[in-house]
Amino acid sequence: VRITVLAGGIGAARFLRGLLAHSPDAEVTVIGNTGDDLTLYGLRVSPDLDTVMYTLGGGNDEARGWGRADESWNALEEIRAYDSVPSWFGLGDRDIGTHLVRTAMLAEGRTLSEATAALTARWRLPVRLIPMTDDRVETHVVVEDPDSPDGRRRLHFQEYWVRHHASLPVVTVDVEGVGEATPAPGVLEAITGADLLLLPPSNPVVSVGPILSVPGVRDAVRSASAPVVGLSPIVGGAPVRGMADKLLPSIGVDTSAAGVALHFGARGDGGLLDGWLVDERDAESVGRIREAGIAARAVPLMMTDVATTAAMAGVALELAEEVR
Ligand code: GDP
Ligand code: FO1
Ligand code: CA
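These numbers come from a predicted model, not from an experiment. (Residues numbered from 1 in each chain as written. Chains lettered and ligands numbered in written order. Predicted model: local features only at pLDDT ≥ 70, side-chain atom pairs only at ≥ 80, totals over all residues. Heavy atoms only, no water.)

Student: Give me the site of ligand 1: which residues, what numbers.
Tutor: Around ligand 1, the structure places 19 residues, and the nearest of them are Ser 202, Ser 207, Val 240, Leu 301 and Met 303. A distance of 2.8 Å is found between a nitrogen atom of ligand 1 and a backbone nitrogen or oxygen belonging to Ser 232. A distance of 2.7 Å separates a nitrogen atom of ligand 1 from a polar atom in the backbone of Leu 301. Of all the elements, helix H1 (residues 10-22) adds the most residues to the shell around ligand 1, at 3 residues. (Near = heavy atom within 4 Å. Polar contact = N/O pair within 3.5 Å; in protein donor to acceptor, adjacent residues only side chain to side chain. Helix = DSSP H or I, 4+ residues; strand = E, 2+ residues; numbered from the N terminus.)

Student: Explain the coordination of the calcium ion (ligand 3) to me, and be specific about the residues and the numbers.
Tutor: Looking at the calcium ion (ligand 3), the protein donor atoms are Asp 36 (OD), Asp 48 (OD) and Asp 48 (OD), and they sit 2.1 to 2.5 Å from it. Of the two residues, Asp 36 sits in the loop between strand E2 (27-32) and strand E3 (38-40) while Asp 48 sits in helix H2 (residues 47-57), which places them 12 residues apart along the sequence. We classify Asp 36 as buried; its relative accessible area is 6%. Its relative accessible area of 7% is what places Asp 48 among the buried residues. (Donors = N, O, S within 2.8 Å, 3.2 Å for Na, K, Ca; no water. Buried < 20%, exposed > 50% of the residue type's maximum accessible area, 1.4 Å probe, protein only.)

Student: Go over the sheet that holds E2, please, and point to the residues and values.
Tutor: Strand order in the open sheet made by the 7 strands is E5-E2-E1-E9-E10-E13-E14, with parallel pairing throughout. Two strands bound the open sheet, and with one partner strand each, they are strand E5 (128-131) and strand E14 (295-299). The sheet shows a mean angle of 20 degrees between the axes of neighbouring strands, taken without regard to direction. Taken together, the 3 bridges between strand E10 (residues 228-231) and strand E13 (residues 275-279) define a ladder with parallel strand orientation. From the neighbouring strand, Gly 230 faces E13, where its bridge partner is Trp 276. Of the strands in this sheet, strand E1 (2-7), E2 and strand E9 (196-199) are in contact with helix H8 (residues 204-213), which crosses E1 at around 110 degrees. (Pairing = 2+ DSSP bridges. Axes fitted to C-alpha atoms, helices over the stretch in contact; angles between N-to-C directions. Contact = heavy atoms within 4.5 Å.)

Student: Give a detailed account of the side chain of Asp 282, specifying residues and quantitative values.
Tutor: Tracing the sequence through the fold places Asp 282 in the loop between E13 and helix H12 (286-291). No salt bridge is formed by the buried Asp 282, whose closest oppositely charged neighbour, Arg 281, lies at an N-O distance of 6.3 Å. Setting aside residues up to four positions removed in sequence, Asp 282 forms contacts with Ile 234, Val 235, Gly 236, Gly 237 and Ala 257. (Lys, Arg positive; Asp, Glu negative; His and termini not counted. Salt bridge = Lys/Arg side-chain N within 4 Å of Asp/Glu carboxyl O.)

Student: Account for the environment of Asp 145, naming residues and giving values.
Tutor: Topologically, Asp 145 is positioned in the loop between strand E6 (138-144) and strand E7 (152-156). Among the residues examined, Asp 145 registers a relative accessible area of 14% and is labelled buried. The residues touching Asp 145, leaving out its near neighbours within four places in the chain, are Gly 151, Arg 152 and Arg 153. Looking at Asp 145, its side chain comes within polar contact range of the side chain of Arg 153, at 3.4 Å.

Student: Would you mind going over the pattern of salt bridges in detail, with residue names and values included?
Tutor: For the coordinates displayed, the defined rule picks out 18 salt bridges. For the salt bridge of Glu 159 with Arg 163, the shortest nitrogen-to-oxygen distance reads 2.9 Å. Within this pair, Glu 159 and its partner Arg 163 are both found in helix H6 (residues 157-163), separated by 4 residues, close to a single helical turn. Here the residues in one salt-bridge network are Arg 44, Arg 136 and Glu 138, joined through shared partners.

Student: Residues and numbers for the sheet that holds strand E8 (residues 170-176), please.
Tutor: For sheets, the rule is that strands pair by backbone hydrogen bonds, running either parallel or antiparallel. The 3 strands are arranged E7-E6-E8 in an open sheet whose pairing can be described as antiparallel. Of all the strands in the sheet, just E7 and E8 have a single pairing partner and so form its edges. On average, adjacent strands in this sheet sit at an angle of 25 degrees to one another, irrespective of strand direction. As paired strands, E6 and E7 are joined by 5 bridges and run antiparallel to one another. In the strand pairing of E7, Val 141 is matched with Leu 155.

Student: Could you give an account of the site of ligand 2, with specific residues and numbers?
Tutor: Looking at ligand 2, the residues that line it are Asp 36, Pro 47, Asp 48, Trp 66, Phe 89, Gly 90, Asp 95, Phe 157, Gln 158, Trp 161 and Val 162. Between ligand 2 and Trp 66 there is a distance of 3.4 Å, counted from a nitrogen atom to a side-chain nitrogen or oxygen. One of the side-chain nitrogen or oxygen atoms of Gln 158 is found 2.6 Å away from an oxygen atom of ligand 2. Taking 530 Å² as the accessible area of ligand 2 by itself, protein coverage stands at 85%. The set of elements that each furnish at least two residues to the shell around ligand 2 consists of H2 and H6. Tallying contributions element by element places H6 first for the shell around ligand 2, with 4 residues. (Areas by Shrake-Rupley, 256 points an atom, 1.4 Å probe, with all protein chains shown as cover.)

Laid out in C-alpha cells, this is it:
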C-alpha cells in the first residue's frame, strides 16, 4: 500500500514512527514542508526535513524533538563570542555537518531534492522523503510593531518562533515565494498515485499550509483518487506543543479540533478531507465535523509512545477504509 503524508517537523515525525510501526510494509512517501527553511552564516537549514530525517533515522534528540542526539555546541559558542552576528538559532556541531553537506550541494547547482536524497541515503530511511518544492520558499510572520512607521514588522517564521517565542502579536502569515514555486519532482505523482493520503498532527498554518500552497498541490489532493484522512494537532482546544494557537486566529480559524477540520474542509464540498480524527477530549465536536461532511472519530491522540502512536495510525487507516 502506497501512503503519502504531508509533513511538518516534530508532530509529523512522531506520527510517521507510529505509522511505520503499524504498517511496516507500507510504501511511505513524505512530502516535507520547506517554509521553515532559513539561511544562517551562509548555511541552508531545513528544520522540518531534518526533524523527519533524524527521527526516522534514529539520530534525533528525543527530549528536544529537533536536532541531533549527542549534540555539542562548540561552533555556536564560538559564534556567540563574536558580538557582531545574531546567534539566537541553536545550530549544534553535528547538525552543522548536515547543513554543510546540503549547502555545498546547493552551491554546486544541485537541487534541494538531490541534496535531501543524498542526506537521507546516509540514514537509510524507511520512507521516501521529498521536499515540497526545490524553489526557495520562506514563511514570514507579520507582527504588530508600534515602533515602525506602518505599525508592522515582517520577520522570518524562525525568528518569530525561536527568537521571540511567539510572543509578538500576529497580523498575518505570508509564505514568501510560494506563489511562484513549483512542486518538487515526485510531489504531484506521490499525491495522485497514493492509495491513502494522510495529514499527520502537524501545524495547519506553518507546516501543512505551505505545502498545500505550492501551486498544484491543493488541487492534486482535492482530486486524488485516494481517501484523505487527517489527525487533529489541536487537543482540548490547545496545541500539544508549538504556537498554532497564536497563528490560527490570524487565518480566521478557531483553535479547536473542529475548527481545523472545517478549515481544511470536506472533499465533497471542495475541501480536502474525507476523514478526521480528534482526541477523546474533543469527542463533543465529532457531530459538528460529520455534519460538515467529514467522517470523524474520537480516539486517544497523544503520541506519548510508539505503541500509542501506532494505534492512532491504525484508526486513521480504518477510517480511510470506511470512506473509501
Ligand atoms: P513542527 O514543524 O516541529 O512544529 O511539527 P509539526 O508541524 O509536524 O507538528 C506540530 C503540531 O503537532 C503542533 O500543532 C502540535 O500541537 C501537534 N502535536 C504535537 N504532539 C502531538 C500529539 O502527541 N498529539 C497530537 N494530536 N498533536 C500533537
Ligand atoms: N527550535 C527552537 O525552539 N530553538 C532552536 O534554537 C532551534 C534550532 C533548530 C536547529 C535545527 C533544526 O532542524 C531545528 C531547530 N529548532 C529549534 C526547531 C525548529 O525551529 C522548530 O521546531 C520548527 O521549525 C517549528 O515548526
Ligand atoms: Ca516546522
